[in-house]
Amino acid sequence: MEISDIYVHDAQLHRVIEDIEKQTVTFEVDLPILERGEEQEPRRLEFDDAYNYQVFEPPWHGLVTILDMHVVSESGRIRHVRIETNAGYRELFCSGVRVIDYDHVA
């Protein structure tokens, strides 16, 4: 799935999980069901071949809201991704991202 195809505006970020063995970074979020819709569902954004995950946000009370997610640059199959939030931004390098419904999580 292309990163620009995933609508993330106003997604609530609950947790970030780094899996060293699988080389993934997973965001547990409440993701909007429809573009510009208010209804959200729990989902996971799983970034494959992920590394150099960094958070550029001050200490924050409550959930962080994702405002945008876009590719900053590409080198071969690796993408430099920036996730804009209401508290600042987060960045990582990855080969791609998947949206996973909770009923498909093992």
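What you see is a predicted model, and the numbers here were worked out from it, not measured in a lab. (Residues numbered from 1 in each chain as written. Predicted model: local features only at pLDDT ≥ 70, side-chain atom pairs only at ≥ 80, totals over all residues. Heavy atoms only, no water.)

*Asks:* What exactly am I supposed to notice about the packing of aromatic side chains here?
*Replies:* In this description, a pair of aromatic rings is defined by centroid distance and the angle of the planes. As enumerated under the stated definition, the model contains four aromatic pairs in all. Measuring from centroid to centroid gives 5.3 Å for Y51 and F93, while their planes differ by 10°, and the two rings are stacked. With Y51 in strand β4 (residues 51-56) and F93 in strand β7 (residues 88-94), the pair connects residues that are 42 residues apart, well separated along the chain. In textbook terms, an aromatic cluster arises when at least three aromatic residues are bridged by ring pairs, as seen for F27, F47 and Y53. (Phe/Tyr/Trp six-rings, centres within 6.5 Å; stacked < 30°, edge-to-face > 60°. Helix = DSSP H or I, 4+ residues; strand = E, 2+ residues; numbered from the N terminus.)

*Asks:* Explain the sheet that holds strand β2 (residues 24-32) to me, please; I cannot follow it from the model alone.
*Replies:* Strand pairing in a sheet relies on backbone hydrogen bonds. The paired strands run either parallel or antiparallel. A sheet is described by the order of its strands in space; here eight strands give the open sequence β4-β7-β6-β5-β1-β2-β3-β8, paired in antiparallel fashion. Looking at strand neighbours, the two that pair on one side only are β4 and β8 (96-101), the edges of this open sheet. Pairs of neighbouring strands in the sheet enclose a mean axial angle of 25°, with direction left out of account. (Pairing = 2+ DSSP bridges. Axes fitted to C-alpha atoms, helices over the stretch in contact; angles between N-to-C directions.)

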